[in-house]
Every structure is written in C-alpha cells, then in structure tokens.
Amino acid sequence: MIQGIGASAGIAIGRAFVLPNWEWELPEQKIDVADFAREFERVYEGIRTSKSEIEQIKDELREVVGSEETHIFDAHLAILDDPVFMNEIQGIIQRQYKAAEVAVKEAIDHFVTMFDLLDDEYMKERALDIKDVGNRLLKHLLGAPEITLPSDTQPFILIAKELSPSQLAHINPQHVLGIVTLAGSTTSHSAIMARALGVPLIVGIEAKLEEPIQTGQSLIIDGSDGKVFINPEQPVIDVYTELHRRQVEAKNRLHDIAGYRPVTPDGKMLSLAANISSFKELEIALSSGAHGVGLFRTEFLYMDRNRFPKEEEQYEVYRSVAEKLEGEPLVIRTLDVGGDKQLDYFELPEEDNPFLGYRAIRISLDRQDLFKTQLRAILRASHHGQVKLMYPLISSVEEVRAANRILEEAKRELELEGLPFDNGMKIGVMIEVPAAVMIADLLAEEVDFFSIGTNDLVQFTLAVDRMNEQISHLYEPYHPALLRMLRLTVEAAKRHGIKVGVCGELAGDLRALPLWLTLDVDELSMSSHSILQVKERLLCTSQAESREVVRQLYDCRTSTEILDRLIAFMEHIDNKTANG
Ligand code: PEP
Ligand code: MG
C-alpha cells in the first residue's frame, strides 16, 4: 500500500492508465528579421484558437459541474490576454531570432520558474496555470495532436505526473474512475475540480513510489484517506468492493433527503448552513438544502481584480445573496486576507510568519478606510434580508470594541445620508485563536454569536501550519486539546445565552457529529458538498447516544483513541440502521 494525500473522497477500483508527459519537439533553426511579422501572426493565431478552445471547454464544463468551476479557465483567458506574456514572447523572437513555438516555450519556462521560486502556494498554482495555458498555445503552434484518454476501453484510474485544470476538464467521469497524481496539493485548482466532479483523487505519491505504476496494473484507491493499492490481494479487493458498493448506494440515497428537516431521531434540530465565497456558489448551496449561509468568505470578492471593490460593488453582491436567501440567515465575514490569501494589488509586508502576522481583522483595524467601506456595504445589505456580521481572527476584547466603534461610525454616516439598514444586525466573532477560547466568557458579553473556525483553531492550538505538507500528520482536529477548546467555547456561549456555530472543515466531518450534538451547538456551516451527507447521519444519530460516547472521549489521551471511539460509534449506528 502506498500512502498519498487524499484530495477528493471516494473509492475507485480498476486498471491504471498512465498519461504520457506533454513534451514537444521544437524547431532548432533561427529565423530572419523578414520573418518576424509572420511569427508574430502565428502567435496571435495560436492565441485566437486557444481562446476559442477554452471557451468551448468552459461551455462543456458548465454543463457537467455548473458555472462555479469554470472560473479557472477565466484565469487562462486572462493569461492569453496579458501584455506581459505577449511582450516576453515577442522579445524572444526579436532579440534571439527564435521561431514562435520556441519563444512561447521559453516564455512559459521563464514565468513558471519565476513563480515556482516564490515560497507561496498561491503563486505556485499560478505557475501551473501558465504552464497549462502555455502548453495549449504550443500545441496549436506545433499542430500537435491532443493527448487523448481512451474512451473505448473499460473505465480506468488515471495516473499522471500532475494534472492541469485543462486536462481535467476533458475528463469524463464515466471513463475515469479515479485519479492519482505524483505531485499536486489538496488546495490546487485541479483538486477543487475533482471534488466538484465527484472523482476520487490522490496526490503527492512521488516520493513513496519505488517503481513507476504501469498502464494496465490493477489498482484500488481511496480518496478519503489517500491509500493506493497496486495489484491488491483478493481480501483487500473484497473489502473495498463492499465499501465502494455502500458508497454508491449512499450517494443515490442522498438526493432524496434534501427536503427533510435536519433533526435527530430523538428530536434535536441542528441547523445546517453553507460556506460560500461568491454569489454563484449559492445555487449549489440551496440545491443541497442549506439553511442559509453560515460563512460568506468575502475575501474572494477582493481577489481576481486589480483594485479594492467599491462600496457599491460589494453592496450589490451582499444584497443579491441576502435577497436570494429570502429571509434565511446570511453571515458575512469581514475581509480575511493575509496568511495564504493575498491580493495582487495590496502589497502586504514580507513576513517571517505570515499566518501570525498582518492579516484579517488586524488589517481592517489598521486600514479603517477599507474596513468602513465594507461595513457600510454590509449594513446596507442588511436592509434586504437576515444579515449578520462576523469578525475574523479575533484575539482580544479590544479588537471587538474597536471594530464595533467603526461599525457605529458607519451606521451614523448611513443615517445622515438617509440610507436604510438593520440597526439590530447581529454581530459575531470567529473563535479561531486559542486566546479567544480562553476569554470566550469575556467575548460572549460583547457579541451576539460565536462561530468556531476549526481550520485555524487546530493550526494555532497545535502550532501546526495548515499549509505545510511535511507536518500534515500533526494537524489533528481530534487532538484532546481541541476537544477541550471546543467544550470551553460552547459552554461559555451557553452560559451567556448567545448562539454558537461551527464553520471550519470539521463541521462537515461525519465523525465529529456526536460532538456537536453533545455540546449542543446551534449551527454547522460547511461546504455545500457535505451538507446532505451530514444530514443523512443526523437523521439516524440520536443526541442521547452521542452524549454517552462523547462523555468517554474526554478520558482519551490521544487523537487515535478519540477517533477510534468515534468511528466505532459510527459503525454501531450503521449496523443499527442496516438492521432496521
Ligand atoms: C477557519 O479557520 O476554520 C475558517 C472557517 O476560516 P478560513 O478557513 O477561511 O480561515
Ligand atoms: Mg480562519
């Protein structure tokens, strides 16, 4: 068995198809000055063809996974339109007398190397985009055939060095059972697309492979825990065939429960909301039966542009989301940039520890002009629905008070201008820094609700960078310390009579459900893709039984013990459900 990183859940069983590398033969001879115009025209022609091809991919993809995932290709179109890219190509043709295809290849290599050298995951992803779109352009210049996947054979498990979004867009989930890439990360565009397509994906197995996987080899992969079995023995095949059968069954069942009320067999209601980062994502959330939006990550509104969005632009987006929700709650989180989320046009200082640095509420309180613009837009949107406001990365009472002071100023301004807003708009804070947990009782006196951000809370509690693959095994949401942190937070909220929800990834983790039921949290907010699965478990997990198992968890000394008990409990529920 080879241990990779699970990037898109699901089991696949089948034969391997190894994708050949995209390598080109380039012409060696130099060109003449008289040929410059012709070579430029060839590049332009290649760009035109590439663009219409990308538009076609976008259309096809929209039909399969919806419009949300196609924005990846907008980034490709933007690269083809970027004068810096074109200038580099023209420069190489003119200065070095090289043919169009050689110039394009060198320009790609130049930018990819430049971006790759930066110690920044986001820029590395951009390098992958340039390589992908550059290869498309090169393919047209060389008249090279597309590398196609077999469609006339049995469905297969695709093996590739790395997979670009372009290549993934061509994938028909009917033919591709699953994917394994030697390189790659769980946060890449390709991983996001694989999840949207529902194709199991495992990345990062290069260092673990003793010899290359061959086309035709028999494979089993499990995208939920990153396991790859090459030529598995019969007992392994039997276990995974059964697991796979159950997964398919479960998927089919899920569609039926979208309209059900989220309630346990013993009558405990638990609100299931969606995490979104754009208006477009709201469609998927609503079709998954989400009860409102528990986390609107507004920073994505600030990305993919070259200046800060104006009040009016933000207001339009927030208002559209609020109206579409027709009175269901919408929690808008103020700008949470810094750390791994950068804005091209907003230069953040070079920092040794960006995750502990100038970010989120710290930037908002420093740049009050930007903050007030966002607060005014959110306040104005509050007139059109049940809008709530949430501050990220809070670590002190002073921060909440300072933010609220600016909010009060924004309210006064709007009043003077005669613009309507909800004066009783609820204010909440993210609990995602250990300090906030320890002063949860004090914070609870300042706000109307808490939302626990487990992604950052795990990272800061365990001092484990959430982006660092080398220590990813230490990133343990079920660490006993976390259990205690969660209990402290929820108990403080309850004592002060304020609402408490969870909006980190752990909210969508089925194993954690007994914990939320026992702590009696008010809401779980998660990726839309997890909502139905969590609802299905909720419908068969009683609060009383959850309490019994969770009581024992506080005596456990390790994450493994905690997880083992939670998994055993899930199996117990499964057996009970299966036996009627
Ligand atoms: C979190 O930290 O858990 C969270 C929900 O916020 P983000 O993932 O955007 O940091
Ligand atoms: Mg966070």
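Since we're looking at a predicted model, the values are computed, not measured.

### Things to note about the coordination of the magnesium ion (ligand 2)
- Here the magnesium ion (ligand 2) is held by Glu432 (OE) and Asp456 (OD), and the distances to it run 2.1 to 2.2 Å. Placement of the pair is glutamate 432 in the loop between strand S13 (426–431) and helix H15 (434–438) and aspartate 456 in helix H17 (residues 454–462), with a sequence separation of 24 residues. Like aspartate 456, glutamate 432 is buried.

### Structural notes on the domain arrangement of the protein chain
- When the domains of the protein chain are assigned, the result is domain 1 (23–142), domain 2 (156–254) and domain 3 (257–578).
- In this structure, domain 1 and domain 2 have C-alpha centres spaced 29 Å apart.

### Topic: the pattern of salt bridges
- Applying the stated criterion across every chain yields a total of 41 salt bridges.
- The shortest N-O distance in the salt bridge between lysine 98 and glutamate 106 comes to 2.7 Å.
- Accessibility expressed as a relative area gives 27% for glutamate 106, which makes it partly exposed.
- In this structure, arginine 537 and aspartate 574 form a salt bridge, with 3.1 Å as the shortest nitrogen-oxygen distance. Placement of the pair is arginine 537 in helix H20 (residues 528–540) and aspartate 574 in helix H22 (residues 559–578), with a sequence separation of 37 residues.
- Overall, the relative accessible area of 10% leaves arginine 537 in the buried class.
- Overlapping salt bridges, with partners in common, bring together Glu311, Glu312, Lys372, Arg376, Arg380, Glu409, Glu413 and Glu417 in one network.

### Observations concerning the packing of helix H13 (residues 368–381) against helix H14 (residues 397–417)
- Axis separation between H13 and H14 bottoms out at 9 Å; the angle between their running directions is 60 degrees. Viewed along their axes, H13 and H14 adopt a mutual orientation that is oblique. Of the two elements, H13 crosses H14, and the hand of that crossing is right-handed. Residues Gln368, Phe371, Lys372, Leu375, Arg376, Leu379 and Arg380 of H13 lie in contact with H14, whose contacting residues are Ala403, Ile406, Leu407, Glu409, Ala410, Lys411, Glu413, Leu414 and Glu417.
- Across the contact of H13 with H14, the residue classes break down as eight nonpolar, one polar and seven charged.

### Some words on the sheet that holds strand S11 (residues 329–333)
- With parallel pairing, the eight strands of this closed barrel are ordered in space as S9-S10-S11-S12-S13-S14-S15-S16. Averaged over neighbouring strand pairs, the angle between their axes works out to 25 degrees when direction is ignored.
- The pairing of strand S14 (residues 449–452) with strand S15 (residues 499–502) spans four bridges and is parallel. Following the sheet pairing, phenylalanine 449 is matched in S15 by lysine 499.
- H13 contacts S11 and strand S12 (386–391) of the sheet and is inclined by roughly 155 degrees relative to S12.
- On the sheet, H20 packs against strand S9 (271–276) and strand S16 (523–526) and is oriented at approximately 165 degrees with respect to S9.

### Digging into the packing of aromatic side chains
- Under the counting rule described, the total for this entry stands at 10 aromatic pairs.
- Summarising the aromatic geometry, the rings of tyrosine 302 and phenylalanine 308 are spaced 6.1 Å apart at their centres and angled 80 degrees between planes, so their arrangement reads as edge-to-face. Judged on exposure class, the residue tyrosine 302 and its partner phenylalanine 308 are both buried.
- With a centroid separation of 6.2 Å and 55 degrees between ring planes, the pair formed by phenylalanine 371 and tyrosine 391 is classed as tilted. With phenylalanine 371 in helix H13 and tyrosine 391 in strand S12, the pair connects residues that are 20 residues apart, well separated along the chain.
- Feature note: the residues Tyr302, Phe308, Tyr345 and Phe346 constitute an aromatic cluster, connected by ring pairs.
- If you follow lysine 388 out to its NZ or CZ, it ends over the ring of phenylalanine 449, 5.7 Å from the centre.
- In this structure, arginine 487 is placed above the aromatic ring of tyrosine 554, and the distance from its NZ or CZ to the ring centre is 3.9 Å.

### Examining the nonpolar core
- Tyr318, Leu330, Tyr391, Leu443, Phe450, Trp516 and Leu524 are the most contacted members of the largest nonpolar core, which has 99 residues in total.
- Per-element tally for this core: the top contributor is H14, with eight residues.
- With residues up to four places along the chain from it excluded, the contact list for phenylalanine 450 reads Val429, Ile431, Ala440, Leu443, Ala444, Thr489, Ala493, Ile498, Lys499, Val500 and Gly501.

Calculation notes
Along each chain, the written sequence defines residue order, and numbers are assigned to residues from 1. Following the order in which they are written, the chains are lettered starting with A and the ligands numbered starting with 1. Given that this is a predicted model, residues contribute local features only at a pLDDT of at least 70 and side-chain atom pairs are listed and counted only at 80 or more, while totals for whole chains, interfaces and linings are drawn from all residues. By convention in this description, side-chain values take in all heavy atoms of the structure and omit both hydrogens and water. Metal sites are built from N, O and S donor atoms within 2.8 Å, or 3.2 Å for Na, K and Ca, and they leave out water, so they may look incomplete. The helix count covers DSSP runs of H or I at least four residues long, the strand count covers runs of E at least two residues long, and both are numbered beginning at the N terminus. Per-residue accessibility, obtained with a 1.4 Å probe over protein chains only, is compared with the maximum for each type, and a residue is labelled buried under 20%, exposed over 50%, and partly exposed between these values. Start and end points for every domain follow an automatic or database-based domain assignment. Any Lys or Arg side-chain nitrogen located within 4 Å of an Asp or Glu carboxyl oxygen qualifies as a salt bridge. Each axis is a line fitted through C-alpha atoms, and for a helix only the stretch in contact is used; angles between axes span 0 to 180 degrees, taken between their N-to-C directions. To sort the angles, those under 35 degrees are grouped as roughly parallel, those over 145 as roughly antiparallel, those from 65 to 115 as roughly perpendicular, and the leftovers as oblique. In this scheme the handedness of a crossing depends on how the near helix is turned from the far one: anticlockwise by less than a right angle means left-handed, clockwise means right-handed. We call two residues contacting when some pair of their heavy atoms lies within 4.5 Å. Amino acids outside the nonpolar list (Ala, Val, Leu, Ile, Met, Phe, Trp, Tyr, Cys, Pro) and the charged list (Asp, Glu, Lys, Arg) are all regarded as polar, and Gly is one of them. For two strands to count as paired, DSSP must find a minimum of two bridges between them. Note on aromatic pairs: the rings of Phe, Tyr and Trp (six-membered ring only in Trp) are paired at centre separations within 6.5 Å, and the planes decide the class, stacked below 30 degrees, edge-to-face beyond 60, tilted for the rest. We call a charge positioned over a ring when the NZ of a Lys or the CZ of an Arg lies within 6 Å of the ring centre and within 35 degrees of the ring normal. Nine residue types can take part in a nonpolar core, namely buried Ala, Val, Leu, Ile, Met, Phe, Trp, Tyr and Cys, and a core is a set of them joined through side-chain atoms within 4.5 Å.

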